[in-house]
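# Overview (structure and organization)
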Protein chains: 2
Amino acid sequence: MAKDRKIDVVILGLLSHEDLTGYDIKKRIDGAINFFWKGSFGSIYPALNAMEEAGQIKSYKADDPGSRGKIFYHITQKGINALKQWLNEDQASNELKYETLLKLYFGGVEGADTAIRNVEVFESNIKSELEVLKIYEKNLRAEQDNEDHKFFLLTVMFGIETYEAYLRWCAKAKKILMN
Amino acid sequence: MAKDRKIDVVILGLLSHEDLTGYDIKKRIDGAINFFWKGSFGSIYPALNAMEEAGQIKSYKADDPGSRGKIFYHITQKGINALKQWLNEDQASNELKYETLLKLYFGGVEGADTAIRNVEVFESNIKSELEVLKIYEKNLRAEQDNEDHKFFLLTVMFGIETYEAYLRWCAKAKKILMN
DNA sequence: TCATAATATATCAAATTGATATATTCAAAA
DNA sequence: TTTTGAATATATCAATTTGATATATTATGA
């Protein structure tokens, strides 16, 4: 068997703050949590059906006119319990796949120039993503009122700390590759 | 369609250094590249068959007695070309899933104590993995003779740089969570 | 001799991705 | 006013990957 559906806890976590549609959930995932987690419609919609079947969430149709078949989901007590249980488990997987490092590891096949190019591509992407994270950070430090503000800020701080480490490494790597 | 089989380039990269069996490939993946890439038998064996079909690798049976049905794979020119082409493409995916950050992001549901516990679990795991990386680094700095030594060292340096950033963040996070 | 760990290949259900299909609503340009 | 394109919204599919399990052989050590 494959591992448990991890998308479930993402959905439960988001629904613990507000009722959302599947499309809303996708947008939330693509927003502030995008740099440490991803999710696709192909996993979200089937999970929503399975979780409603399991009684962790409850669907309802939007009744305001002109909202087509919009389906909102609300978390149940059972869902809240499942979310809390997961939060209290020590196990956490943290699966990382850096294609950039894979290219560097096998860099000997092509040589230093190609490797430098790959480091530069990575560096350029990280620089622009770091700017986005710094804007998030600024906004979070401004609105201290939000109850969950502290938790959101911590994840953004994680991103900034690691992205800055990436950039330091890029500089070192280029230096070594240029001899 | 799902994205291209990424396991292919891992296999090609490893076979560009030496002929290996599927089992050997799994051991290599579980070794020095484990902290930035993973792979399972369930993806390796089917990929080996598909790649031989595509002419990128060539299998042969070990003929020494007592080696059971051991099947070695050798990279072909076609395989080397595919590997080089991939190395020269700017696109690189770097997919990260930090369950630890997910728990922290939704930490408001349980509160600071649980969040601190989750940070501590992460911190403890990273500390022991960092020690392993430092041993790798020490070994790599000793054997300067290996042609690919520089490329291997760069990936390990990446690991050390980021893991140390993780630990700095853990300290900050615990401080913030304790108020 | 016997047990068990390591080696070795293979397959499967479940989870996930990335793409595609379909349809509606909204905003802006023609 | 119409139309065109972007955003919204749900759903499904093939391909990839994981993690587990099945099966069998060889090596090691008690």
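Above: the structure in question.
The model shown is predicted, which means the values in this text are computed figures rather than measured ones. (Residues numbered from 1 in each chain as written. Chains lettered and ligands numbered in written order. Predicted model: local features only at pLDDT ≥ 70, side-chain atom pairs only at ≥ 80, totals over all residues. Heavy atoms only, no water.)

## Topic: the overall build of chain A
Just so we agree on the cut-off: Numbering of helices and strands runs from the N terminus; a helix is a DSSP stretch of H or I covering at least four residues, while a strand is a stretch of E covering at least two. C-alpha atoms define the radius of gyration, and 2.2 Å times the number of residues to the power 0.38 defines the globule rule. Throughout, exposure labels follow a simple rule: accessible area from a 1.4 Å probe, protein chains only, divided by the maximum for the residue type, with under 20% read as buried, over 50% as exposed, and the rest as partly exposed. Contacts are assigned to residue pairs with any non-hydrogen atoms lying within 4.5 Å of each other. To measure how exposed things are, a 1.4 Å probe is used in the Shrake-Rupley method; for residues, cover is taken only from the protein chains shown. Under the counting rule used here, the positive set is Lys and Arg, the negative set is Asp and Glu, and His together with the chain ends is not counted. Working definition for charges: the position is that of NZ of Lys, CZ of Arg, CG of Asp or CD of Glu.
Scanning chain A for helices and strands turns up seven helices and three strands. For chain A, the N- to C-terminal ordering of α and β elements is α-α-α-β-β-α-β-α-α-α. Taking 179 residues into account, the globule formula puts the C-alpha radius of gyration at 16 Å, and chain A, at 20 Å, lies well above it. Structurally, chain A occupies a C-alpha span of about 65 × 45 × 40 Å along its principal axes. The buried share of chain A, reckoned over its 179 residues, is 48%. Within chain A, counting contacts between residues at least 6 apart in sequence, those at least 24 apart form 55% of the total. For chain A, the accessible surface area stands at approximately 9,100 Å², while carbon and sulfur atoms represent 51% of it. Each charge sign in chain A was given a centre, from 25 positive and 27 negative side chains, and these centres are 3 Å apart.

## Quick look at the nonpolar core
Going by this rule: Here the nonpolar core consists of buried residues drawn from Ala, Val, Leu, Ile, Met, Phe, Trp, Tyr and Cys, with membership extended through side-chain atoms lying within 4.5 Å.
Among the nonpolar cores identified, the biggest contains 108 residues, and Tyr98 and Trp169 of chain A together with Tyr98 and Trp169 of chain B are the most heavily contacted of them. Aside from chain neighbours lying at most four places away, what touches Trp169 of chain A is Leu101, Leu104, Val119 and Phe122 of chain A together with Leu154, Met157, Phe158 and Glu161 of chain B.

## Regarding the interface of chain A and chain B
Convention followed: By definition, the buried area sums, over both parts, the 1.4 Å-probe accessible area that each loses when the two are put together. Any carboxyl oxygen of Asp or Glu within 4 Å of a side-chain nitrogen of Lys or Arg constitutes a salt bridge here. Distance and chemistry together define a polar contact, namely a pair of N or O atoms within 3.5 Å, with one atom able to donate a hydrogen and the other to accept it when in protein, and with adjacent residues in sequence counting only for side-chain atoms on both sides. Residue classes follow a fixed rule: Ala, Val, Leu, Ile, Met, Phe, Trp, Tyr, Cys and Pro count as nonpolar, while Asp, Glu, Lys and Arg count as charged, and any other residue, Gly among them, counts as polar. Strands were regarded as paired on the criterion that DSSP finds at least two bridges between them.
In this assembly, 67 residues from chain A lie in contact with 67 residues from chain B. Here chain A and chain B share an interface that buries about 7,200 Å² over both sides, 67% of which is from carbon and sulfur atoms. Put simply, chain A and chain B have 10 salt bridges between them. Lys84 of chain B is paired through a salt bridge with Glu110 of chain A; the nearest N and O atoms lie 3.9 Å apart. Applying the counting criterion to the chain A and chain B interface returns 36 residue pairs in polar contact (both at pLDDT 80 or more). Elements represented by at least two residues in the side of chain A that touches chain B include exactly α1 (7-15), α4 (77-87), β3 (95-97), α5 (99-105), α6 (112-142) and α7 (149-177) of chain A. The leading source of residues in the side of chain A that touches chain B is α7 of chain A, at 17 residues. Looking at the side of chain A that touches chain B residue by residue, the classes come out as 35 nonpolar, 16 polar and 16 charged. Pairing of β3 of chain A with strand β4 (residues 95-97) of chain B involves three bridges; the strand directions are antiparallel. Bridge assignment links Glu95 of chain A to a residue of β4 of chain B, and that residue is Lys97 of chain B.

## Comments concerning the layout of surface pockets
Over the atoms, a rolling probe the size of a water molecule traces out where space has been left empty. Selection rule: Using only the protein atoms, space was sampled on a 1 Å grid; points where a 1.4 Å probe fits but cannot get out form cavities, open sets with protein on both sides within 12 Å along at least five of seven lines form pockets, and lining residues are those with an atom within 4 Å of a point. Grid points are joined across faces, edges and corners, and a volume is the space filled by probe spheres set on the points.
Each pocket or cavity is described by its volume, and for the largest pocket that value is around 1,000 Å³. What lines the largest pocket is a set of 33 residues, and nearest its centre among them are Lys3, Glu95 and Lys97 of chain A together with Lys3 and Lys97 of chain B. Of all the secondary-structure elements, those providing two or more residues to the lining of the largest pocket are β3 of chain A together with β4 of chain B. A per-class count over the lining of the largest pocket returns eight nonpolar, nine polar and 16 charged.

## Looking at a positive patch on the surface
Counted only if it meets this: Surface patches are drawn from residues lacking salt bridges whose relative accessible area is over 30%; two like charges belong together within 9 Å, two nonpolar side chains (Val, Leu, Ile, Met, Phe, Trp, Tyr) within 5 Å.
A cluster of basic residues, Lys3, Lys38 and Lys97 of chain A together with Lys3, Lys38 and Lys97 of chain B, forms a positive patch on the protein surface. The topology assignment puts Lys97 of chain B in strand β4. The exposure class assigned to Lys97 of chain B is partly exposed, which follows from its relative accessible area of 35%.

## Description of the protein's contact with DNA strand C
Heads up, the condition is: When at least one non-hydrogen atom of a residue lies within 4 Å of a molecule or strand, that residue is treated as near it.
Not every one of the 28 residues close to DNA strand C is listed here, only the nearest: Arg68 of chain A together with Arg68, Lys70, Ile71 and Lys97 of chain B. Looking at DNA strand C alone, sugar and phosphate atoms form 64% of those within 4 Å of the protein. A distance of 2.9 Å is found between a phosphate oxygen of DNA strand C and a backbone nitrogen or oxygen belonging to Lys6 of chain A. Between DNA strand C and Lys70 of chain B, the relevant distance is 2.6 Å, taken from a phosphate oxygen to a side-chain nitrogen or oxygen of the residue. Of all the secondary-structure elements, those providing two or more residues to the surface near DNA strand C are α3 (41-53) of chain A together with α2 (22-29), α3 (41-53) and β4 of chain B. Residue composition of the surface near DNA strand C, grouped by class: nine nonpolar, eight polar and 11 charged.

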